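Summary of the model geometry
The chain contents come next:
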Amino acid sequence: NQITYDFIDQTDMSRVHGIAHGEMTEEELADFRIRHHSYRVIFEGANENINFDGKEMFRTYNNYFLGSDPEKWAGHVPLYGKIAGKSLYNKIDLITYSVDENLKSDFIVHPGGKPGEIQLKYEGIDSMRLIYGELLLKLSVGDVYEHAPKAYQIINNRKIRVKCEYELDGNRLSFSFPKGYNPDFDLIIDPELVF
């Protein structure tokens, strides 16, 4: 019922290159830390026991050999281009994928679904606010933006744009549609996270 993001300080990451090339003293190396900031986006009111499926499996895979207990290791873990959650909310699906190194999450509201049920609760953010329709998240390692949401419907083989805006209430984010939309067709809500 949530996505956890973990952002690493880019200055610290660039210093890792120096470590690999012996450009730090032992004293500097002993005090070296990589700063990061994690936060969660919780799908409030979402259906329980949601199944997320990988789509567009890559040829490569990851291995995780962490710790000394082989029972906790994982090998040949598949990687996917998209993750799809069916019925995240009643008649609302979620597809998450990356485009141009940014993360996109499409909410697909099928006929009979209610986009007002989509309630995103943010935890672990230093501060958040709307600026010119975009969501600004302040983190200890820098700022993260969520572009103003775009929404559309495919009606008679034509892509029809639907006016969509964020609504922010404290640390809860939802979507509004000032001009409405056609409830007889799928509505795709398409925010993009820029980091």
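See the structure shown above.
Before going further, it helps to examine the overall build of the chain. Broken down by element type, the chain carries 2 helices and 16 strands. By principal-axis analysis of the C-alpha atoms, the chain measures approximately 65 × 40 × 30 Å. Relative to its 195 residues, the chain shows a buried fraction of 33%. Sequence separation of at least 24 residues holds for 57% of the intrachain contacts in the chain that already meet a minimum separation of 6. Surface exposure of the chain reaches about 12600 Å², of which carbon and sulfur atoms provide 48%. If you average the places of the 22 positive and of the 31 negative side-chain charges in the chain, the two averages end up 8 Å apart.

Read from one edge to the other, the open sheet built from 5 strands follows the order β1-β2-β7-β14-β13, with strand pairing classed as antiparallel. Pairing within the sheet leaves two strands with one partner each, and these edge strands are β1 (2-8) and β13 (165-169). Averaged over all adjacent pairs, the angle separating strand axes in this sheet is 25°, with direction ignored. Inspection of the sheet shows β1 paired to strand β2 (residues 36-44) by 7 bridges, in the antiparallel sense. Residue pairing across strands places Q2 opposite I42, the latter belonging to β2.

Looking now at the pattern of salt bridges. Scanning the entire structure with this criterion turns up 9 salt bridges. Linking K86 and D93 is a salt bridge whose minimum nitrogen-to-oxygen distance equals 3.6 Å. The class for D93 is buried, based on a relative accessible area of 10%. Residues D143 and K138 are paired through a salt bridge, measuring 3.3 Å at the closest nitrogen-oxygen approach.

Reading the values: rules and limits
- Residues numbered from 1 in each chain as written.
- Predicted model: local features only at pLDDT ≥ 70, side-chain atom pairs only at ≥ 80, totals over all residues.
- Heavy atoms only, no water.
- Helix = DSSP H or I, 4+ residues; strand = E, 2+ residues; numbered from the N terminus.
- Buried < 20%, exposed > 50% of the residue type's maximum accessible area, 1.4 Å probe, protein only.
- Contact = heavy atoms within 4.5 Å.
- Areas by Shrake-Rupley, 256 points an atom, 1.4 Å probe, with all protein chains shown as cover.
- Lys, Arg positive; Asp, Glu negative; His and termini not counted.
- Charge placed at Lys NZ, Arg CZ, Asp CG, Glu CD.
- Pairing = 2+ DSSP bridges.
- Axes fitted to C-alpha atoms, helices over the stretch in contact; angles between N-to-C directions.
- Salt bridge = Lys/Arg side-chain N within 4 Å of Asp/Glu carboxyl O.

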